[in-house]
Amino acid sequence: MARKPTKPESFIERTQYPGGNKAMAAFIRSNLKYPSRALEAKIQGRVAVDIDIDKNGKVQKAKIRSGLGHGCDEEALRVAKLLKFLPTKNKKLRVVFHKTIYVNFALPKPVQMSYNYQVSSNKQSNSKQNQ
């Protein structure tokens, strides 16, 4: 007896970020500017942003779900609005997708520098100058 082909779980194609979640996280990290007020107050943590994505892959709305303050919320909204998702083809339906993204704010680690000095003697050059 032949089985009927099963229907897909959903007939609506979901939007995706080009390159997947790792690429989206890399984009967020590269475009994120740590707010000076947060640096001064040594604020770090995670901001949750709810975004609405239209059928063309553009972020239409962005709203803070949970924030940190000190300028981090505004920066997370700015970066979220820069995201561009892949457009979808949903049989002429105008579908708006809702997604939550997380923007991490971590204080930069202090750079440690070390210097190596080497002392050498210039006895030969001094004796030639005296001649």
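Everything numeric here is computed off the predicted structure, so don't read it as measured data.

**Q** So what's going on with the pattern of salt bridges? Residues and values would help.
**A** For the structure on display, the rule yields two salt bridges. Asp50 is paired through a salt bridge with Arg65; the nearest N and O atoms lie 3.4 Å apart. Here Asp50, found in strand 1 (residues 45-53), pairs with Arg65, found in strand 2 (residues 59-66); they are 15 residues apart in sequence, far enough to count as distant. Judged by its relative accessible area of 52%, Arg65 falls in the exposed class. Between Glu75 and Arg78 there is a salt bridge, with its nearest N and O atoms 2.7 Å apart. Placement of both Glu75 and Arg78 in helix 3 (residues 72-82) is noted, with a separation of three residues, approximately one turn of the helix.

**Q** Would you mind going over the side chain of Glu75 in detail, with residue names and values included?
**A** Judged by its relative accessible area of 10%, Glu75 falls in the buried class. Setting aside chain neighbours within four positions, we find Glu75 in contact with Asn31, Leu32, Lys33, Pro35 and Phe105.

**Q** Describe the sheet that holds strand 2, and please don't skip the residues or the numbers.
**A** Two strands in a sheet stick together by hydrogen bonds in their backbones, pointing the same way (parallel) or opposite ways (antiparallel). As summarised here, the arrangement of the three strands in space is 2-1-3, forming an open sheet in which the pairing is antiparallel. In this open sheet, the two strands that pair with only one neighbour each are strand 2 and strand 3 (97-105). Strand-to-strand twist of the sheet, defined as the mean angle between neighbouring strand axes without regard to direction, takes the value 30 degrees. Judged from the nine bridges that link them, strand 1 and strand 3 form a sheet pairing that is antiparallel. Looking at strand 3, one finds that Asp52 is bridged to His98.

**Q** An account of the nonpolar core is needed here, citing residue identities and associated values.
**A** Val49, Ile51, Leu83, Phe85 and Ile101 are the most contacted members of the largest nonpolar core, which totals 23 residues. Apart from residues no more than four positions distant in its own chain, Val49 is found in contact with Ala62, Lys63, Ile64, Arg65, Ala76, Leu77, Ala80, Lys99, Thr100 and Ile101.

Calculation notes
Residues numbered from 1 in each chain as written. Predicted model: local features only at pLDDT ≥ 70, side-chain atom pairs only at ≥ 80, totals over all residues. Heavy atoms only, no water. Salt bridge = Lys/Arg side-chain N within 4 Å of Asp/Glu carboxyl O. Helix = DSSP H or I, 4+ residues; strand = E, 2+ residues; numbered from the N terminus. Buried < 20%, exposed > 50% of the residue type's maximum accessible area, 1.4 Å probe, protein only. Contact = heavy atoms within 4.5 Å. Pairing = 2+ DSSP bridges. Axes fitted to C-alpha atoms, helices over the stretch in contact; angles between N-to-C directions. Core = buried A, V, L, I, M, F, W, Y, C linked by side-chain atoms within 4.5 Å.

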